[in-house]
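Below, each chain spelled out in residue letters.
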Amino acid sequence: MRVEFKQLETVSDPRGHLVSIEVGRNIPFPVRRVYYIYGNKEGKPRGYHAHKRVKQALICLNGRLKVGVDDGKTRTVYELKSPRELLIIPEMIWRVMYGFSPDAILLVLADQHYDEADYIRDYEAFLHAVREKTPPGGVPR
Ligand code: T46
């Protein structure tokens, strides 16, 4: 699984808009945990970690924010600015969330329950773990 940024199918009619999240259709993993982040203070970035196993799907329900993702080789920044956008982040991706607008609400769907032991919070340790998995030449073991 790779980082994926997708537009969610939206059903619009004169009343407004409806977006449906369905495991196996637009979410490529079972969902065992849902959490959301709101009221994030300006200039207070979050994240700075990777997960050993947890996969997540991020949707900015209101406002906007940026998400920087890093697989150990390439860094990409996504701006989440619409509830129609979905960012899938698989395991072993370093992430930083920043640039939250005051009204931002970030919804996260995760495939596993919360477990601090799943976090890699040291960037050097993350790089080391990624390089162990991918030897020179880039062919994963
Ligand atoms: C991630 C990004 C997108 C819980 O008790 N249960 C939970 O499900 C989560 C996610 C966190 N917590 C506790 C652990 C910490 O004491 O909430 C506190 C803040 O967590 P953290 O500093 O890890 O939050 P963020 O915003 O840096 O990262 C979170 C998720 O932890 C992480 O998995 O990918 O959002």
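Right, let's get into the pairing of strand β2 (residues 10-13). Each regular strand displays side chains that alternate between the two surfaces of the sheet. Direction of pairing for β2 relative to strand β3 (residues 16-19): antiparallel, over a ladder of four bridges. Note that in β3 the partner of Thr 10 across the bridge is Val 19. Between the antiparallel neighbours β2 and β3 lie two residues.

Neighbouring the ligand are 13 residues, the closest being Arg 33, Arg 46, His 51, Gln 56 and Tyr 119. At 2.8 Å, a backbone N or O of Gly 47 approaches an oxygen atom of the ligand. Taking His 51, its side chain carries an N or O atom lying 2.6 Å from an oxygen atom of the ligand. Coverage of the ligand by the protein amounts to 68% of the 640 Å² it exposes when considered alone.

A cluster of nonpolar side chains, namely Val 23, Val 31 and Val 34, defines an oily patch on the protein surface of about 230 Å² accessible area. With respect to the helices and strands, Val 31 occurs in the loop between β3 and β4 (33-38).

Scanning the model with the defined rule gives six aromatic pairs in all. With a centroid separation of 6.2 Å and 35° between ring planes, the pair formed by Tyr 36 and Tyr 38 is classed as tilted. Considered together, Tyr 36 and Tyr 38 belong to a single accessibility category, that of exposed residues. Aromatic pair Trp 94 and Phe 126: ring centres 5.6 Å apart, planes at 40°, arrangement tilted. Of this pair, Trp 94 sits in strand β10 (residues 94-98) while Phe 126 sits in helix α1 (residues 123-133); the two residues are 32 residues apart in sequence, bridging distant segments of the chain. On the accessibility criterion, Trp 94 (9% relative accessible area) is buried.

Further remarks concern the sheet that holds strand β9 (residues 85-89). By way of backbone hydrogen bonds, the strands of a sheet pair with one another, either parallel or antiparallel. Read across the sheet, five strands follow the order β1-β9-β6-β11-β4 without closing on themselves; strand pairing throughout is antiparallel. Strands at the two margins of the open sheet, each flanked by one partner only, are β1 (4-7) and β4. On average, each strand axis in the sheet is inclined to that of its neighbour by 20°, with strand direction left out of account. In this structure, strand β6 (residues 56-62) lies alongside strand β11 (residues 105-110), joined through six bridges in antiparallel fashion. Looking across to β11, one finds that Ala 57 is bridged to Leu 109.

Phi is positive for Tyr 48, which is not a glycine, with a value near 60°. One can find Tyr 48 in strand β5 (residues 46-51).

Moving on to the pattern of salt bridges. One pass over the structure, following the stated rule, counts nine salt bridges. Across the salt bridge formed by Arg 15 and Asp 13, the nearest N and O atoms sit 2.7 Å from each other. Judged by its relative accessible area of 33%, Asp 13 falls in the partly exposed class.

Our focus in this paragraph is the pairing of β9. Burial within β9 is extensive, with five of its five residues counted as buried. Every second residue of β9 is oriented toward a common face, with Glu 85, Leu 87 and Ile 89 on one face and Leu 86 and Ile 88 on the other, all of them buried. In the sheet, β1 pairs with β9 via four bridges, with the strands oriented antiparallel. The partner of Lys 6 across the bridge, within β9, is Leu 86. Across three bridges, β6 lies against β9 in antiparallel orientation. Bridge pairing links Ala 57 to Ile 88 in β9.

Calculation notes
- Residues numbered from 1 in each chain as written.
- Predicted model: local features only at pLDDT ≥ 70, side-chain atom pairs only at ≥ 80, totals over all residues.
- Heavy atoms only, no water.
- Pairing = 2+ DSSP bridges.
- Helix = DSSP H or I, 4+ residues; strand = E, 2+ residues; numbered from the N terminus.
- Near = heavy atom within 4 Å.
- Polar contact = N/O pair within 3.5 Å; in protein donor to acceptor, adjacent residues only side chain to side chain.
- Areas by Shrake-Rupley, 256 points an atom, 1.4 Å probe, with all protein chains shown as cover.
- Patch = residues over 30% accessible without salt bridge, like charges linked within 9 Å, V, L, I, M, F, W, Y side chains within 5 Å.
- Salt bridge = Lys/Arg side-chain N within 4 Å of Asp/Glu carboxyl O.
- Phe/Tyr/Trp six-rings, centres within 6.5 Å; stacked < 30°, edge-to-face > 60°.
- Buried < 20%, exposed > 50% of the residue type's maximum accessible area, 1.4 Å probe, protein only.
- Axes fitted to C-alpha atoms, helices over the stretch in contact; angles between N-to-C directions.

These figures come from the coordinates and say nothing about function on their own.
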